[in-house]
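A structural walkthrough
Residue-level listing of the chains:
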Amino acid sequence: MSIIEILSTEKYISGSEIGRFLGISRDAVHKRINRLRQIGYTIKSSSKGYIIVKKCELFNEYEIEANLKKPLNICKMIKYYKETASTQTAVKKLALKNFGEGVVVIAEKQTKGYGRIKRVWNSNAGGLWFSMLLKPVIRPDGSSILSLLFSIALSRILEKKYGISSEIKWPNDILICGKKVAGIIIEMSAEQDIINWVAAGIGVNINNSLPEDLKNISISIKEVLKREIDRTEFIVAFLTEFESLYFNFQSGGFKQFLEEYNSKVAYKDVLVTVDSACNDAITGKNFGIDESGRLIIETKNKIEKIISGTLRRA
Ligand code: BTN
């Protein structure tokens with residue numbers, strides 16, 4: 001049971017009882033209650049104990065914990081900010097302090113959210129902006145594949161939970177009706193043969209409004225469904241889906257997901273250009289990816305297999 005569930009029953013419950021339920025001290029209970037009040041819960045206290053009389057309207061770590069059906073290895077600890085520069089920066093700081101796998105940092109708003117190739121990521125309130133600290137037991141060159149798993153998880157949730165079909169623009173932009181709804185960034189620290197940590201940042205346009213200049217290339221789920229989406233439900237579904245993908249990938253490789261990924265590839269069999277920071281742009285027909293996550297492009301003269309880059313329609 002989570003603290004929210006305990007405090008949401010019809011009757012007052014004492015600090016020591018809460019402590020007993022959660023296996024924490026009364027002091028720790030006080031701290032959690034103060035934190036709940038800070039983020040917007042109205043909690044009455046009396047000689048009989050505490051009770052929630054009004055829930056917080058923002059989504060937050062307590063609601064997420066309360067809604068997870070089972071404990072997840074990839075989400076052992078949630079840190080929530082009403083506002084932070086970037087959850088990615090925050091999670092990387094925790095990685096450097098030796099935090100283990102399973103930290104999830106979420107923010108209602110980011111003031112310096114960023115995407116791949118250091119692009120500004122618009123992070124108004126209402127979206128889902130979060131970063132995960134992972135320590136996958138795979139070779140460092142497998143990290144690009146890891147990023148593909150995030151897109152599979154997101155696109156599965158859109159389909160299963162909301163009936164929305166989406167496409168994946170290699171490597172990991174999620175598109176609805178050709179417009180970007182979510183993006184993923186992977187940063188990591190690695191040595192020759194091992195990954196020390198991966199910071200995976202995920203941004204999903206959910207209920208946030210998009211600035212005018214992005215409206216022709218981006219879309220939010222609210223815009224598609226014409227209603228507000230419960231972000232707690234979304235992230236809980238995502239984390240649960242990703243947990244199984246992540247462990248299946250580490251034990252069985254990417255081959256098991258190849259067909260699914262390729263069935264969702266955007267601009268398949270179409271002429272595309274892949275821009276890259278290190279090499280010349282490559283233009284050719286897009287055949288989707290191979291088992292190692294490389295994009296297969298048929299140019300005039302040969303088949304190219306591309307490890308990284310940014311794809312656009314030619
Ligand atoms: C991209 O499409 O270029 C990736 C966008 C990633 C945005 C997310 S939002 C949460 C996390 N914090 C950041 O600053 N960036 C990522």
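Rules behind the numbers
- Residues numbered from 1 in each chain as written.
- Predicted model: local features only at pLDDT ≥ 70, side-chain atom pairs only at ≥ 80, totals over all residues.
- Heavy atoms only, no water.
- Helix = DSSP H or I, 4+ residues; strand = E, 2+ residues; numbered from the N terminus.
- Rg over C-alpha atoms; globule rule 2.2 N^0.38 Å.
- Buried < 20%, exposed > 50% of the residue type's maximum accessible area, 1.4 Å probe, protein only.
- Contact = heavy atoms within 4.5 Å.
- Areas by Shrake-Rupley, 256 points an atom, 1.4 Å probe, with all protein chains shown as cover.
- Lys, Arg positive; Asp, Glu negative; His and termini not counted.
- Charge placed at Lys NZ, Arg CZ, Asp CG, Glu CD.
- Arc of directions from axis to C-beta.
- Pairing = 2+ DSSP bridges.
- Axes fitted to C-alpha atoms, helices over the stretch in contact; angles between N-to-C directions.
- Domains from an automatic or database assignment.

**Let's talk about the overall build of the protein chain**
Across its full length, the protein chain carries nine helices and 14 strands. Its C-alpha radius of gyration of 21 Å places the protein chain within 12% of the 20 Å reference for a compact globule of 314 residues. Every one of the 314 residues in the protein chain was classed for burial, and the buried ones make up 52%. A fraction of 61% describes how many contacts in the protein chain between residues 6 or more apart in sequence connect residues 24 or more apart. Here the protein chain has roughly 15500 Å² of accessible surface; of this, 49% comes from carbon and sulfur atoms. With 47 positive and 35 negative side-chain charges, the protein chain shows a separation of 4 Å between the mean positions of the two kinds.

**Some remarks on helix 2 (residues 15-22)**
For helix 2, the complete set of buried residues consists of Gly15, Ile18 and Gly19. Projection of helix 2 onto a plane perpendicular to its axis shows the buried side chains occupying an angular sector of 100 degrees, all on one side. Structural note: helix 2 exposes Arg20 and Phe21 on the side pointing more than 90 degrees away from its buried face. Among the structural elements, helix 1 (3-7), helix 3 (26-39) and strand 2 (49-54) are those in contact with the buried residues of helix 2. At the C-terminal side of helix 2, Gly23 shows a positive phi close to 70 degrees.

**Focus on the sheet that holds strand 5 (residues 128-134)**
One open sheet accounts for seven strands, arranged 3-4-5-9-8-7-6; its pairing is mixed. Lying at the two open borders of the sheet, with one neighbouring strand each, are strand 3 (77-84) and strand 6 (167-169). Neighbour-to-neighbour, the strand axes of this sheet turn through a mean angle of 20 degrees, independent of strand direction. Pairing geometry for strand 7 (residues 173-176) and strand 8 (residues 179-190), over three bridges, is antiparallel. Each bridged residue has a counterpart across the sheet, and for Leu175 the counterpart in strand 8 is Lys180. Sheet strands touched by helix 6 (residues 143-162): strand 5, strand 6, strand 7, strand 8 and strand 9 (195-204). Its angle to strand 8, the strand with the most contacts, is close to 150 degrees.

**Looking at the domain arrangement of the protein chain**
Domains assigned within the protein chain are domain 1 (3-54), domain 2 (61-263) and domain 3 (271-313). Of note, the centres of domain 1 and domain 3, computed from C-alpha atoms alone, are 55 Å apart.

**Observations concerning the pairing of strand 1 (residues 42-46)**
Pairing of strand 1 with strand 2 involves five bridges; the strand directions are antiparallel. For Thr42, the partnering residue across the bridge sits in strand 2 and is Lys54. Between the end of strand 1 and the start of strand 2, which pair antiparallel, lie two residues.

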